[in-house]
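So you can see what is in the structure, the chains are spelled out below.
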Amino acid sequence: MTSQNTQPELLSGGAMLIRALADEGVEYVYGYPGGAVLHIYDAMFQQHQVKHVLVRHEQAATHMADAYARASGKAGVVLVTSGPGATNAVTGIATAYMDSIPMVVICGQVMSHLIGDDAFQETDMLGISRPIVKHNMSVRRPEDIPYLVKKAFYIAQSGRPGPVVLDIPKDMTIPSQKFPYEYPKEIKLRSYNPNAKGHPGQIKKALTTLLAAKRPVLYSGGGVILGQASDELTTLARKLNLPVTNTLMGLGAYPASDPQFIGMLGMHGSYEANQAMHNADVIFAVGARFDDRVTNATKKFCPNATIIHIDIDPASISKTINAHIPIVGLVKPVLQEMLQQLEKNQGQLDQQALGQWWQQIQQWREVHGGRYDHNPSLLKPQAVIEAVHRHTKGDAYVTSDVGQHQMFAAQYYKFDKPNRWINSGGLGTMGFGLPAAMGVKLHYPDAEVVCVTGEGSIQMNIQELSTCKQYGLGVKIINLNNGYLGMVKQWQDMNYDSRYSSSYMDSLPDFVKLAEAYGHVGIRVTKAEELEPALERAFALKDKLVFLDIHVDPTEHVYPMQIPGGAMNEMFLSKTERT
Amino acid sequence: MRHILSVLLENESGALARVVGLFAQRGYNIDSLTVAATEDPTISRLTLVTRGDDQVIEQITKQLHKLIEVVKLADLSESAHIERELMMVKVKTTAEQREEVKRCADIFRGQIIDITANTYTIQVVGTSEKLEAFIEALSGTQILETVRSGVSGISRGERTLSL
């Protein structure tokens, strides 16, 4: 607009903020208005580039932005008011932080001169969010807004990604006060320069170790998804004939239908993945962080393994498990370098040892193999996930909440593509699933988006059914309704003699009527034979939100399950079997 | 093991809170912490004394590095370095004690920087151990007040921590 004119356009702080978002390529902002952000909302109203999605609770705005980021790789943007608007966003910010999701959260703040006075809707959002953000900043001068927006996106999206909070006092956005607007092209910070490439010497050492390995395992995590390195990972794994296991956050980075895939690892990992890890001589960890839900007891972790660890965050290396060959770098360029070196490398794989190793893994595969009891009278949650996989041809975006249903989805929906499995792995946030599905559906309206949830989790953000109506978000909700907080109940069964302390949902709503009340379609499934026609009907209703309330076996547990305090390969395999 | 970490930090509001918050959140110890601007007013230098085994210290330095405002840092205790702490002690001095306290301060190269009819205020500079030894040496005297600056440190020789 200013191309003929060398003078930069004069804009108010609020207009600069929105223009900066547009210049950053932001299409949607998720939020909720309030006193401190009224100037910003007015600026939003007067343009059409950046669209606003009005949620019903700020937590949902953060999860929508978060899920958009998980599906697209670009930072999601949230706009909330000061005080309760900002504090309602806290759970969503922490969720993004724990899973290293790029997000920019813009919070209103009371007028600068009121800060510290306990003014109406004042809260120290910089202080509250400090432990759960990659960085946070406050606007002190309106003319700094374009620079600070650029800085926020740069920090959120580079290195190990994460949420950035930008706190904006109301007087920074006054419509009558205008300043020359120019959006910086790039930004350099002397104090922040994430090392991207990885040390070639270390990479060579890693490759030599992998080529000599007799019992290797590739263990990859969310870093491969965030780093968009799925292709490189897959190519390298195939060239080196490596068994591949993914963390909960890493599912889809390697195709689950590939014979080299041995399943998820960790607490509810597959028998073969956990056995392979425990017995490995070389563990090749890529963009994973040896989290406690993976390692089980760290003292007993993989006793004979040489550990190669690629991660962009040096603090993730040797934090819980010592890495013998650390490589600090973004996974994509590091894996590319490995592939290049492999081209030139004269080293040979020990095919005989690898053959034996694969034979051993095959035997482990047969021990459990993801089996569960098929019961003709009761619907099994695992069977529901398998049916959803069939009906969506394994190509849906699947979001989940937290609990048994999350684990069943992770185990039985075989993800062949990255960015398709969207769940709160680190923080374990109930209430994540529905808004997450909404965030994905908004950006990928033609894609099938399924929210796998439970009757406990779904009620933590059920108000968003209203937002779905407003924006026509035809997500499919698979409510695995067992009348219990299933994972809590499972632990109570296993450790507390089935004393169900507060894990029983006593007065559940009629979810079908509830969905209808919000203007959607509700279908109840109580018998096994009703499942197929219900799914048929639900997925045929393309543009409709369909709430499938599926009554599943309330006694089901998630297996395998690592035995607490044990090694990786110590597991319960069913209610009656253990290793 | 005791370590002295020197940190160059962007001199911005909230930066110090981030450093201190990190130690609280992750359960690391802080024995002492000093901070002030350097010859470059945009940079603060922070000296932090902490304890932990090698793994903990490695995590502390990595986590500090992750903070966006941390520009550079060094573990001074990894090589030859000089550390100093300043202490001011106000003691009650009766007429017959005054000579003894003065002599004690002299031995520790302390200076009496304020006097009243009943008190001496003594300034001592040195390592933390020396300051503790001085307090020990004053055991026959009634200490009214002690204030210590916390440790500041710098490496010996030509090694520097600068931009």
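All figures in this text were calculated on a predicted structure; none of them were measured in a lab. (Residues numbered from 1 in each chain as written. Chains lettered and ligands numbered in written order. Predicted model: local features only at pLDDT ≥ 70, side-chain atom pairs only at ≥ 80, totals over all residues.)

Undergrad: Honestly, the overall build of chain A in this entry has me stumped. Any pointers?
TA: When its secondary structure is counted, chain A shows 21 helices and 22 strands. Its C-alpha atoms give chain A a radius of gyration of 25 Å, near enough to 25 Å, the size a compact globule of 579 residues would have. The buried share of chain A, reckoned over its 579 residues, is 55%. Look at the contacts in chain A between residues 6 or more apart in sequence, and 76% of them connect residues 24 or more apart. (Helix = DSSP H or I, 4+ residues; strand = E, 2+ residues; numbered from the N terminus. Rg over C-alpha atoms; globule rule 2.2 N^0.38 Å. Buried ≥ 20, exposed ≤ 12 C-beta atoms within 10 Å, placed from the backbone. Contact = placed C-beta atoms within 7 Å.)

Undergrad: Help me understand the sheet that holds strand S5 (residues 103-109) of chain A, please; the structure alone is not making it clear to me.
TA: In sheet architecture, strand pairing relies on hydrogen bonds along the backbone and comes in two forms, parallel and antiparallel. Residue and element names in this part refer to chain A. Spatially, the 6 strands line up as an open sheet ordered S3-S2-S4-S5-S7-S6, and their pairing is parallel. Of all the strands in the sheet, the pair left with one neighbour each is strand S3 (51-54) and strand S6 (135-138). Strand-to-strand twist across the sheet, computed as the mean angle between neighbouring axes with direction ignored, equals 25 degrees. Both strand S4 (residues 76-80) and S5 contribute to a ladder of 5 bridges, which runs parallel. The residue of S5 that forms the bridge with Leu-79 is Ile-106. (Pairing = 2+ DSSP bridges. Axes fitted to C-alpha atoms, helices over the stretch in contact; angles between N-to-C directions.)

Undergrad: Whenever I open this one, the UniProt feature "domain: Thiamine pyrophosphate enzyme central" (unreviewed entry) in chain A confuses me. Can you help?
TA: Under the UniProt annotation, the feature "domain: Thiamine pyrophosphate enzyme central" (unreviewed entry) is placed at residues 203-337 of chain A. Span residues 203-337 of chain A is 33% helix and 20% strand, its end C-alpha atoms 8 Å apart. (UniProt positions renumbered as here; feature names shortened; annotations may be inferred.)

Undergrad: Would you explain the UniProt feature "domain: Thiamine pyrophosphate enzyme N-terminal TPP-binding" (unreviewed entry) in chain A in this entry?
TA: The UniProt record marks residues 13-125 of chain A with the feature "domain: Thiamine pyrophosphate enzyme N-terminal TPP-binding" (unreviewed entry), using the residue numbering of this structure. Along residues 13-125 of chain A, the helical share is 43% and the strand share 18%, with 20 Å between the first and last C-alpha atoms.

Undergrad: Looking at this structure, I do not really get the interface of chain A and chain B. What am I missing?
TA: Where interface size is quoted, it is often the accessible area lost as the parts come together. Every contact between the two is made by 12 residues of chain A and, on the other side, 15 residues of chain B. Its residues assigned to classes, the side of chain A that touches chain B shows 6 nonpolar, 3 polar and 3 charged. (Nonpolar A, V, L, I, M, F, W, Y, C, P; charged D, E, K, R; others polar.)

Undergrad: Would you mind going over the sheet that holds strand S4 (residues 70-75) of chain B with me for this structure?
TA: Residues and elements named next belong to chain B. Strands sit in the order S2-S3-S1-S4 across an open sheet of 4 strands; the sheet is antiparallel. Because the sheet does not close on itself, it has two edges, and the strands there are strand S2 (32-37) and S4. In this sheet, adjacent strand axes meet at a mean angle of 15 degrees when their direction is disregarded. Of the pairings in the sheet, the one linking strand S1 (residues 2-10) to strand S3 (residues 43-51) comprises 9 bridges and is antiparallel in character. Within S3, the position partnered with Leu-5 by the bridge is Leu-48. Lying on the sheet, helix H1 (residues 15-25) is in contact with S1, S2 and S3; it crosses S1 at an angle near 150 degrees. Together, S1, S3 and S4 form the strand contacts of helix H2 (residues 54-66), whose direction differs from that of S4 by roughly 160 degrees.

Undergrad: In this structure, what is going on with the packing of helix H10 (residues 230-239) of chain A against helix H13 (residues 331-344) of chain A? I would like to understand it.
TA: The packing of two helices is summarised by the inter-axis angle and the distance between the axes. Residues and elements named next belong to chain A. Viewed as axis vectors pointing N to C, H10 and H13 meet at an angle of 35 degrees, and their least axial separation amounts to 9 Å. Note on packing geometry: the crossing formed by H10 with H13 is left-handed. In this structure, H10 uses Glu-232, Leu-233, Thr-235, Leu-236 and Lys-239 to contact H13, whose residues at the interface are Lys-332, Leu-335, Gln-336, Met-338, Leu-339 and Leu-342. Across the contact of H10 with H13, the residue classes tally to 6 nonpolar, 2 polar and 3 charged. (Left-handed = near helix turned anticlockwise from the far one by under 90°.)

Undergrad: Which parts of the structure should I look at to understand H2(B)?
TA: Each α-helix winds once per 3.6 residues, and so residues spaced three or four apart point in a common direction. Residue and element names in this part refer to chain B. The end-to-end C-alpha distance of H2, which contains 13 residues, comes to 18 Å, matching closely the 18 Å that a straight helix rising 1.5 Å per residue would cover. Buried within H2 are the following residues: Ile-57, Ile-60, Thr-61, Gln-63, Leu-64 and Lys-66. Lining the buried residues of H2 we find S1, H1, S3 and S4. (Expected span 1.5 Å × (residues − 1).)

Undergrad: Which parts of the structure should I look at to understand unusual backbone geometry?
TA: The bulk of non-glycine residues show a negative phi, and the bulk of peptide bonds are trans. Residue and element names in this part refer to chain A. Backbone torsion omega between Tyr-559 and Pro-560 reads -5 degrees, so that peptide bond is classified as cis. With respect to the element layout, Pro-560 can be found in the loop between strand S20 (546-551) and strand S21 (561-562). With a phi close to 60 degrees, Ser-318 is a non-glycine residue in the positive phi region. Its location among the elements puts Ser-318 in the loop between strand S13 (306-311) and strand S14 (325-328). At Ser-502, a residue that is not glycine, the phi angle is positive and equals roughly 60 degrees. With respect to the helices, strands and loops of the structure, Ser-502 is situated in the loop between helix H19 (486-495) and helix H20 (511-517).

Undergrad: Help me out: how do you make sense of the pairing of strand S8 (residues 142-148) of chain B in this one?
TA: Note on strand geometry: in a regular strand, side chains alternate between the two faces of the sheet. Residue and element names in this part refer to chain B. The element S8 is barely covered by neighbouring structure, given that only 0 of its 7 residues are classed as buried. Here strand S5 (residues 81-92) runs beside S8; their pairing, made up of 6 bridges, is antiparallel. If you follow Val-89 over to S8, its bridge partner there is Thr-146.

Undergrad: Would you mind going over the pairing of strand S12 (residues 282-286) of chain A with me for this structure?
TA: Residue and element names in this part refer to chain A. In terms of burial, S12 is a largely internal element, 5 of the 5 residues being buried. Burial along S12 is two-sided: the face carrying Val-282, Phe-284 and Val-286 and the face carrying Ile-283 and Ala-285 are both buried. Two strands pair when backbone bridges link them, and strand S9 (residues 216-220) and S12 are joined in this way by 5 bridges, in the parallel orientation. Its bridge partner lying in S12, Val-217 is registered against Ile-283. As defined by bridge partners, S12 adjoins S13 across 5 bridges and the pair is classed as parallel. Across the sheet, residue Ile-283 finds its bridge partner in S13, namely Ile-307.

Undergrad: Even after reading the chapter, I still don't get the domain arrangement of chain B, so can you show me in this structure?
TA: Residue and element names in this part refer to chain B. According to the domain assignment, chain B consists of domain 1 (2-78) and domain 2 (82-152). The gap between the C-alpha centroids of domain 1 and domain 2 is 29 Å. On the side of domain 2, 5 residues touch domain 1, which itself brings 6 residues to the contact. Elements supplying a minimum of two residues to the side of domain 1 that touches domain 2: S2 and S3. For the side of domain 1 that touches domain 2, the leading source of residues is S2, giving 3 residues. Within the side of domain 1 that touches domain 2, the residues separate by chemical class into 3 nonpolar, 3 polar and no charged. (Domains from an automatic or database assignment.)

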